[in-house]
Amino acid sequence: FMLTGTAYMESKCKDDVELLKQLKGGAKLYRESLVMNFVNIEILGTMTYYITIVYCCHKGLTFLEQLQSIFGILVIEGALYTLIHKAFHEHRNLYWMHSFHHKFKTIILPSTACAVSVFEFCFAYMLPITVGSYIMKADRVSAVLATVIIGAANVVIHTPSFLDQGKKIPEIFVTTEDHFRHHRLVTTDYSAPLFHFERMLGTVDSKKVKRV
């Protein structure tokens, strides 16, 4: 599902893909990003799905309990990702796991969402979902739906065509503009892919950050 959705959104960004390929080393970088998408989503994602469903999920949840689990997973995943992501940037001995993702500075594509190292995918992407599923005592349905929401949001914040939609989205959420700004400035907007915890906590005002 994730690869199919990413491929569809990528097909809408053909001009940006060509621009990336024209940059020095851009064609190689793009090929590497596609390989990492396959490895991360199809291989590591499948393994994590099995572990989460078998060892972390429960059965017999009511509809209301499923909704609570989904919301809880989204919050826990977002909070953990924000902390891990910020740690990548603030500690040089961790940044190597995140550096590949930041090779995409000015031209960012839907496939950039999962163009990360296997270490980042495991620790920053998958682990927070598994922990959230365990804490919320999710069942298979709620864990899968939460993962789909997270994955879709991640693709959206890496898709250029959504850049002009920020004003329509409540400030508690991460916008595509927020995340593109992070790729340019790297010292702000660590939250992703759904809730903007820094803005909610008042630790950053993205509207005051100048574009560069």
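Anyway, here's the lowdown on the structure attached to this text. As the structure is a prediction and not an experimental result, all values here were calculated from the model. (Residues numbered from 1 in each chain as written. Predicted model: local features only at pLDDT ≥ 70, side-chain atom pairs only at ≥ 80, totals over all residues. Heavy atoms only, no water.)

Re the pattern of salt bridges
- Under the defined criterion, the tally for this structure stands at 6 salt bridges.
- Its salt-bridge partner being Asp 189, residue Arg 181 comes within 2.9 Å of it at the nearest N-O pair.
- The network of salt bridges with common partners includes Glu 177, Asp 178, Arg 181, Asp 189 and Arg 199. (Salt bridge = Lys/Arg side-chain N within 4 Å of Asp/Glu carboxyl O.)

What to know about helix α6 (residues 118–135)
- Between its first and last C-alpha, α6 extends 24 Å over 18 residues, near the 26 Å set by a 1.5 Å rise per residue.
- Considering bend angle alone, the principal kink of α6 is centred on Met 126 and spans about 40°; proline Pro 128 follows within four residues of it.
- Inspection of α6 places Glu 120, Phe 121, Ala 124, Tyr 125, Met 126, Pro 128, Ile 129, Thr 130, Gly 132 and Ser 133 among the buried residues, and these make up the whole buried set.
- Considering only its buried residues, α6 is in contact with α3 (26–55), α4 (63–90) and α7 (140–156).
- Looking at the residues trailing α6, positive phi occurs at Lys 137, about 50°. (Helix = DSSP H or I, 4+ residues; strand = E, 2+ residues; numbered from the N terminus. Expected span 1.5 Å × (residues − 1). Bend = angle between axes of the 7 residues up to and from the residue. Buried < 20%, exposed > 50% of the residue type's maximum accessible area, 1.4 Å probe, protein only. Contact = heavy atoms within 4.5 Å.)

Points about the packing of α4 against α7
- For the pair α4 and α7, the least separation of the axes is 9 Å and the interaxial angle reads 45°. Between α4 and α7, the angle falls in the class oblique. Where α4 crosses over α7, the handedness of that crossing is right-handed. Counted together, Gln 66, Ser 69, Ile 70, Ile 73, Leu 74 and Glu 77 of α4 and Val 141, Ser 142, Ala 143, Leu 145, Ala 146, Ile 149 and Ile 150 of α7 form the full contact between these two elements.
- Split into classes, the residues belonging to the contact of α4 with α7 amount to 9 nonpolar, 3 polar and 1 charged. (Axes fitted to C-alpha atoms, helices over the stretch in contact; angles between N-to-C directions. Parallel < 35°, antiparallel > 145°, perpendicular 65-115°, else oblique. Left-handed = near helix turned anticlockwise from the far one by under 90°. Nonpolar A, V, L, I, M, F, W, Y, C, P; charged D, E, K, R; others polar.)

The values are spatial; any link to function lies outside them.
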